Amino acid sequence: MKPSFPEQIGEQLTRKLASSSSRRGVLGRVGTAMVAGGVFPLLPVQRARAAAGSAAPRPADVTTLSDFERRAQSSDPTKCNYWRHCAIDGVLCGCCGGGIHTCPPGTQPSPVSWIGTCRNPDDGRSYVIAYRDCCGRTTCTTSSDCECNTADREMPIYRPQTSNDIIWCFGTTSAAYHCSTAAIVGQAE
């Protein structure tokens, strides 16, 4: 019985492939294709979301803003309603000789922190903020304007990395709390 036309073409292609390549070469190409297939999703690609992120941010819908976000300001970091202080609990280091992200002299920053996501009213974007306690001296005594407890969207204590109710002086030479800082970690997505 004579093979059909498609079978003849298939046989010819198979014989040509067999005569021009070795088993080892075919296995090498198959292996390369498998590795390339696994690496392909990791390649940098301009995504539509990234392009949209570079456009001007849309103003937030007032109904979705928290009470803190509606009152937040961006001009005075020594006030509790400064936008980065949305989840802070403690005395602001900016009122105690330090800065918004620096500890005052004679204190040391805790190696651990809690986090919050705060919306900047100037650009409408949300940022991840790391709140870090400065330790080593007694609590800074200052005006009540610098003692803040703004637990905007605070998580319960079972998620300690987002709780502001813990003294975070773990890993320092002294467990004495002095004040708290609020450093931007990056933009939230």
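What you see is a predicted model, and the numbers here were worked out from it, not measured in a lab.

**Student:** Help me understand the pattern of salt bridges, please; the structure alone is not making it clear to me.
**Tutor:** If the charged atoms of two oppositely charged side chains come close together, the side chains can form a pair. Overall, the coordinates contain two salt bridges when judged by the stated rule. Of the charged contacts, one joins Glu-11 and Arg-15 as a salt bridge, the two residues approaching to 3.1 Å between their closest N and O atoms. Taken as a pair, Glu-11 and Arg-15 lie in helix H1 (residues 5-20) at a separation of four residues, close to a single helical turn. Using a relative accessible area of 57% as the deciding quantity, one classes Arg-15 as exposed. Between Asp-67 and Arg-70 there is a salt bridge, and its shortest N-O distance comes to 3.2 Å. Of this pair, Asp-67 and Arg-70 both sit in helix H4 (residues 67-71), three residues apart, which is roughly one turn of the helix. Judged by its relative accessible area of 51%, Asp-67 falls in the exposed class.

**Student:** What am I meant to see in the nonpolar core here?
**Tutor:** With 18 residues, the main nonpolar core has Trp-83, Cys-86, Ile-88, Cys-118, Ile-129 and Tyr-131 as its most contacted residues. Sorting the residues of this core by element identifies strand S3 (114-119) and strand S4 (126-135) as the ones contributing at least two each. Tallying contributions element by element places S4 first for this core, with three residues. Beyond its immediate stretch of four places on either side in the chain, Tyr-131 contacts Arg-84, His-85, Cys-86, Ala-87, Ile-88, Ser-113, Trp-114, Ile-115, Gly-116, Cys-118, Thr-181 and Ala-182. Counting seven residues, the second-largest nonpolar core is a separate cluster that includes Val-91, Cys-96, Tyr-177 and Cys-179.

**Student:** How should the packing of aromatic side chains be read in this particular structure?
**Tutor:** Two measures describe an aromatic ring pair: the distance that separates the ring centres and the angle between the ring planes. Inspection of the entire model under this criterion finds three aromatic pairs. Taken together, a centroid distance of 6.3 Å and an interplanar angle of 45° make the contact between Tyr-82 and Trp-83 tilted. Owing to a relative accessible area of 9%, Tyr-82 belongs among the buried residues under this scheme. Residue classification places Trp-83 among the buried residues on the basis of a relative accessible area of 4%. Measuring from centroid to centroid gives 5.5 Å for Trp-114 and Tyr-131, while their planes differ by 25°, and the two rings are stacked. Here the residue Trp-114 occupies a position in strand S3, and Tyr-131 occupies one in strand S4, the gap between them amounting to 17 residues. Three or more aromatic residues joined by ring pairs make a cluster, and in this case those are Tyr-82, Trp-83 and Tyr-127.

So, how was this worked out
- Residues numbered from 1 in each chain as written.
- Predicted model: local features only at pLDDT ≥ 70, side-chain atom pairs only at ≥ 80, totals over all residues.
- Heavy atoms only, no water.
- Salt bridge = Lys/Arg side-chain N within 4 Å of Asp/Glu carboxyl O.
- Helix = DSSP H or I, 4+ residues; strand = E, 2+ residues; numbered from the N terminus.
- Buried < 20%, exposed > 50% of the residue type's maximum accessible area, 1.4 Å probe, protein only.
- Core = buried A, V, L, I, M, F, W, Y, C linked by side-chain atoms within 4.5 Å.
- Contact = heavy atoms within 4.5 Å.
- Phe/Tyr/Trp six-rings, centres within 6.5 Å; stacked < 30°, edge-to-face > 60°.

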